[in-house]
Amino acid sequence: MSKVTTQREGNVLVVTLDNPPVNAFSTEVRNAMAAAIADAATDDAIEAVVIRAEGRMFSGGADITEFGSAPVHPTLPELIDAIEDLPKPVVIALNGTALGGGCEIALGCNYRIAVPGAKIGLPEVKIGILPGAGGTQRLPRVVGVEEALPIIVTGNPVSAQKAQEIGLVDRIVAPEALRDEAIAFAREMAGRAEHPVSSRRTDRIGDYDANVFNTFRAEHGRRLKGLDAPAKCIEAVELATRLPYDEGIAKEREFFMELVNGDQSRALRHVFFAERQAGKIDGVGKDVLPLPIRKVGVIGAGTMGGGIAMNFLTAGYDVVMVERQQDALDRGTAIMRKNYEATARKGRMTAEQVEAAMGRLTPVLDMAALADCDLVIEAVFELMAIKKDVFGQLDAICKPEAILASNTSYLDVNAIAACTSRPEQVLGLHFFSPANIMRLLEVVRGDATSPEVLATAMDLARKIGKVAVVSGVCHGFIGNRMLGARQDQANALLMEGALPAQVDQVLLGFGFPMGPFQMADLAGLDIGWDPDTTSSATVREVLCEQGRRGQKAGGGFYDYGADRQRTPSEAANAVIRDFAARSGNEKREITDDEIRERLLYPMVNEGALILEEGVAQRAGDIDTVWVNGYGWPPHTGGPMFWADTIGLDKVLAGLERHAARMPDVHVSQLLRDKAASGGRFNG
Ligand code: 3H9
């Protein structure tokens, strides 16, 4: 079936785009649309055009899969120019989301109408490019510089209402009336002699605060540091204020080509597709339908349990939350309410939504209340004996068809499943703290976990807004296992003469939001530390014994002031130096390059082992875990994509160079093979 069709409605030509799933402007679509516009130009019976779309949105923009190959004519900018140059009015009817090229095509039309639920935006910056089909030059001319800058530089869309306020949309109409209203609008405009043409408008662009660009750069400086695309976006908008349209558009094209062929955009496009690919489970086809989930049980009302429960409450599920003591239950419930209220204060929830979410929560002390839950997730203490006990009880209490999940971060899900009479209905659902905010969910597939249960977990993850990645069973699954490889080296580096601030700084410089020792301080050094059995055997133990239990205690690897700012700690460094002196290592100057290689190459190696063992389905899944759960900078694509980019032979050579200092790192055969053949982890 054709992806673009035309219908005549009297003197109006209706051009309909139908290219599921997101109506992307592929080569085929661009060709067909250009042909329709050419027909409209030559047909005297046609006095106006309506562009509309079928499906659940208007368009997700250019077809990103076509990036990286030579542009094919008509390009999107050429198509949009043809629409703008048509000497007959063109009305676009936005039936929903219109992003990137979808928004740019709207800017090329004379009139824009939208349904109330439409979201309109230019998210190109999020995939490391700028709007390259006129967006940076037309949008400021239509809405003014102050409104255009955040849309282009943050990539966040605006609602139809906001779009109308700023002049991006002319009318808002009900979805069921959209087609007819668009035709009526086009007919109404057909009689006029003049129509607004975005590229020729001068009424909105001249009047802006001269400091707007510098203020914007200063306000967003930290978030945009190290990224190529946002800087180019700002520059392009600035040029729109200074250059004639044709010259501005030539600069936009130049910037676009530079960015789209750069490493950052390649990496960000990889992240985009890897996240979507991660939702697909090898061997579980679309014919495997998810099981119905209406009521969810959560065991534990601590930070983790409460955060997990909030995900489901927000998404409209009924939740039963179980604790052993009334005061712990009350405390947990109060924190959840406080978190919701904070969200409401930021304008991201209404007071009614807060009450509705809390109204769906049933806090209880008795596990028997879980009997009719469709899914129960336990977030109790991370000890196998306790988990086994809980699963044994759940098996007896829960209805036979209920799914039982553990939020374990490290433990053997197969051993947990074996305590039940329904191992096929048991799996791991590993949330990341704070569980109501972090996007990652590791779905841990036990040997016996059924395809239906896996499909249900992936479907649920999508419904609660998570990026889900399937992991096999191993100690720490994908994320924590690789984190362990990094932490071993971070600790070893301290014993060889480095200090926490130097190690952390290297990762901050790489683009991580925090380094391993900052992270340890934030989590608390006393996780898993027992004052009764402490033996002063590790730096961490001694720091805990000294009361340096992390940021919450005012000190850990660093000292913290009242503002929670870290400063290097003489006391902690003395402990480290003392251990280093007794380690037998010769103290030496360690370069930042060595630190980066020692921290990151063993992670890549661990990722390769994880792939080799089949724990992860694909390299992109590992990247998705690290970008969404551990702050790996997305513009480098995740550990495996980054390794592909710098070259696997280089990674292998680095591992071999440092081998004597890393006796526990066993180099993966997969890495060796790929390095030898010039291969990549990601396709
Ligand atoms: C652009 O327009 C450039 C111009 O400025 C200049 C050009 C010269 N292309 O996300 P979903 C696939 S740049 C190709 O699950 P949702 C996606 O991979 C573009 N494929 O749906 C998935 O495939 P699969 C600027 C795309 O409803 C399927 O569609 N635009 C594209 O949750 C469903 O996607 C953007 O950056 C695409 N543009 O969300 C917007 N978009 O089924 C990028 C999606 O095989 N897209 N696919 O896994 C999005 O943000 C979301 O996909 C959207 C829908 C909000 C549209």
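Residues numbered from 1 in each chain as written. Predicted model: local features only at pLDDT ≥ 70, side-chain atom pairs only at ≥ 80, totals over all residues. Heavy atoms only, no water.

The chain carries the name 3-hydroxyacyl-CoA dehydrogenase in an unreviewed UniProt entry, which gives Aurantiacibacter arachoides as its organism. According to the UniProt record, the Pathway (unreviewed entry) comment for the chain reads "Lipid metabolism; fatty acid beta-oxidation." (UniProt positions renumbered as here; feature names shortened; annotations may be inferred.)

Judged by pairing direction, the sheet is mixed, and its 3 strands sit side by side in the order β5-β7-β8 without closing on themselves. For this open sheet the edge positions go to β5 (98-99) and β8 (158-159), each flanked by a neighbour on one side alone. In the sheet, β5 pairs with strand β7 (residues 119-121) via 2 bridges, with the strands oriented parallel. If you follow Leu99 over to β7, its bridge partner there is Gly121. (Pairing = 2+ DSSP bridges. Helix = DSSP H or I, 4+ residues; strand = E, 2+ residues; numbered from the N terminus.)

Between side chains of opposite charge, a pair can form when the charged atoms approach closely. Following the criterion strictly, the structure yields 40 salt bridges and no others. Put simply, Glu254 and Lys251 hold a salt bridge, and the shortest N to O gap is 3.4 Å. With Glu254 and Lys251 both in helix α10 (residues 245-260), this residue pair falls 3 residues apart, about one helical turn. Ionic pairing is found between Glu341 and Arg337, a salt bridge with its closest N-O pair at 3.3 Å. Of this pair, Glu341 and Arg337 both sit in helix α13 (residues 326-345), 4 residues apart, which is roughly one turn of the helix. Assessed through its relative accessible area of 27%, Arg337 is described here as partly exposed. Salt bridges here are not isolated pairs; linked through shared partners, they connect Glu496, Arg588, Glu594 and Arg598. (Salt bridge = Lys/Arg side-chain N within 4 Å of Asp/Glu carboxyl O. Buried < 20%, exposed > 50% of the residue type's maximum accessible area, 1.4 Å probe, protein only.)

Cross-referencing UniProt, the feature "domain: 3-hydroxyacyl-CoA dehydrogenase NAD binding" (unreviewed entry) maps to residues 295-471 in the present numbering. The span residues 295-471 carries 41% helix and 21% strand; its end-to-end C-alpha distance comes to 25 Å.

A few words on a nonpolar patch on the surface. Judged by side-chain polarity, Phe381, Leu383 and Ile386 come together as a nonpolar surface patch covering roughly 290 Å² of accessible area. By the secondary structure assignment, Leu383 is in the loop between β13 (375-378) and α15 (384-397). For Leu383, a relative accessible area of 44% gives the class partly exposed. (Patch = residues over 30% accessible without salt bridge, like charges linked within 9 Å, V, L, I, M, F, W, Y side chains within 5 Å. Areas by Shrake-Rupley, 256 points an atom, 1.4 Å probe, with all protein chains shown as cover.)

Per the UniProt record, the feature "domain: 3-hydroxyacyl-CoA dehydrogenase C-terminal" (unreviewed entry) sits at residues 476-560 and 597-674. What you have in residues 476-560 is 53% helix and 4% strand, and the ends, taken at the C-alpha atoms, are 30 Å apart. Taken end to end, residues 597-674 comprises 65% helix and 0% strand; its first and last C-alpha atoms sit 19 Å apart.

Moving on, we get to the environment of Arg566. Residue placement: Arg566 occurs in strand β19 (residues 566-568). Note on Arg566: relative accessible area 26%, which makes it partly exposed. Sequence separation of Arg566 and Asp521 is 45 residues, and the distance between their C-alpha atoms is 9.8 Å. Residues contacting Arg566, with those up to four places away along its chain left out, are Asp504, Gln505, Leu508, Gln518, Tyr558, Asp559 and Tyr560. A distance of 3.1 Å separates polar atoms of two side chains, one belonging to Arg566 and the other to Tyr558. (Contact = heavy atoms within 4.5 Å. Polar contact = N/O pair within 3.5 Å; in protein donor to acceptor, adjacent residues only side chain to side chain.)

What follows deals with the site of the ligand. Inspection of the region around the ligand gives 25 residues, with Arg56, Glu104, Glu124, Arg276 and Lys280 positioned closest. Between the ligand and the protein, one listed contact pairs a nitrogen atom with a backbone N or O atom of Gly60 at 2.8 Å. Glu104 is positioned such that a nitrogen or oxygen atom in its side chain is 2.7 Å from an oxygen atom of the ligand. In isolation the ligand has 1000 Å² of accessible area, and contact with the protein removes 75% of it. For the shell around the ligand, the secondary structure elements donating two or more residues are α3 (101-108), α10 and α11 (263-278). If one sorts the elements of the shell around the ligand by residue count, α11 sits on top with 3 residues. The residue makeup of the shell around the ligand, split by class, is 13 nonpolar, 5 polar and 7 charged. (Near = heavy atom within 4 Å. Nonpolar A, V, L, I, M, F, W, Y, C, P; charged D, E, K, R; others polar.)

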